[in-house]
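# Reading the structure
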Amino acid sequence: VFSWLIAGFCCIFSAMSYAELASRIPSSGSSYAYVYYALGELPAVIAAWCLTLEYGISGAAVARSWGDKLILWISCCHPGVTSLLDIGYGINIMAGLMQFSVMMVLLGGVSIGKITVNCFTVLKMVLVMFIIVVGLSIFESENVVDWAPMGSSGILRGSTAAFFGYVGYDGKYRNM
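Below is a summary of the structure that appears in this document. (Residues numbered from 1 in each chain as written. Predicted model: local features only at pLDDT ≥ 70, side-chain atom pairs only at ≥ 80, totals over all residues. Heavy atoms only, no water.)

### Quick notes on helix α6 (residues 110–137)
In this model α6 runs 40 Å from its N-terminal to its C-terminal C-alpha over 28 residues, within 8% of the 40 Å that 1.5 Å per residue would give. Along α6, the positions that sit buried rather than exposed are Gly 113, Val 117 and Thr 121. (Helix = DSSP H or I, 4+ residues; strand = E, 2+ residues; numbered from the N terminus. Expected span 1.5 Å × (residues − 1). Buried < 20%, exposed > 50% of the residue type's maximum accessible area, 1.4 Å probe, protein only.)

As structure tokens, then:
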């Protein structure tokens, strides 16, 4: 709970910084445009490099995580297929296929990308609402023993992981 509160607080400040920049700079755009108007071309190019690195690393991490989950789900239904999908050496075929499918959506153009983003956004909102409703309906207070079993470092690690998920949200809606 505390991790989510801290991450939500940080997300609000991140969103407010973009809102302030958008209200002061008469142009729509991403961090590159804001840095270009505020600091000039060289810092904007450095910001673009950082954004490219950020999206490359976060995209690879998300694809790897979902690839591992897909292999786990497939292995539950078809145990023999796991050896074909998990070839070792740090190579995840499902992650590569997921990145390829995202690339195909991007190559489909803005309209297909927007439809895909909207579908996943609605799906995520329905899933979150489902988790909240079902979680509150089966909540048992005697199961809550310790609010911070890992201490303050565990709370901060959890908030870091939750904020990492915000990078995807931040990237989707910044440029629409």
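### Considering the packing of helix α3 (residues 41–77) against helix α5 (residues 93–107)
Relative to each other, α3 and α5 sit at 120 degrees, their axes nearing to 7 Å. On the basis of the axis angle, α3 is oblique to α5. At the point where α3 passes α5, the crossing takes the right-handed sense. Contact residues: Gly 59, Ala 60, Ala 63, Arg 64, Trp 66, Gly 67, Leu 70, Ile 71 and Ile 74 in α3; Met 94, Ala 95, Met 98 and Gln 99 in α5. Split by residue class, the contact of α3 with α5 holds nine nonpolar, three polar and one charged. (Axes fitted to C-alpha atoms, helices over the stretch in contact; angles between N-to-C directions. Parallel < 35°, antiparallel > 145°, perpendicular 65-115°, else oblique. Left-handed = near helix turned anticlockwise from the far one by under 90°. Contact = heavy atoms within 4.5 Å. Nonpolar A, V, L, I, M, F, W, Y, C, P; charged D, E, K, R; others polar.)

### Structural notes on the pattern of salt bridges
One pass over the structure, following the stated rule, counts one salt bridge. Across the pair Arg 64 and Asp 68 runs a salt bridge, and its minimum N-O distance is 3.5 Å. In this pair, Arg 64 and Asp 68 are both assigned in helix α3, four residues apart and thus about one turn of the helix distant. (Salt bridge = Lys/Arg side-chain N within 4 Å of Asp/Glu carboxyl O.)

### Some thoughts on the packing of helix α2 (residues 31–39) against α3
Taken N-terminus to C-terminus, the directions of α2 and α3 make an angle of 160 degrees; their axes are 7 Å apart at the nearest point. With respect to α3, the axis of α2 lies roughly antiparallel. Crossing angle aside, the handedness with which α2 passes α3 is right-handed. Seen from α2, the contacting residues are Ser 31, Tyr 32, Val 35, Tyr 36 and Leu 39; seen from α3, they are Glu 41, Pro 43, Ala 44, Val 45, Ala 47, Ala 48 and Leu 51.

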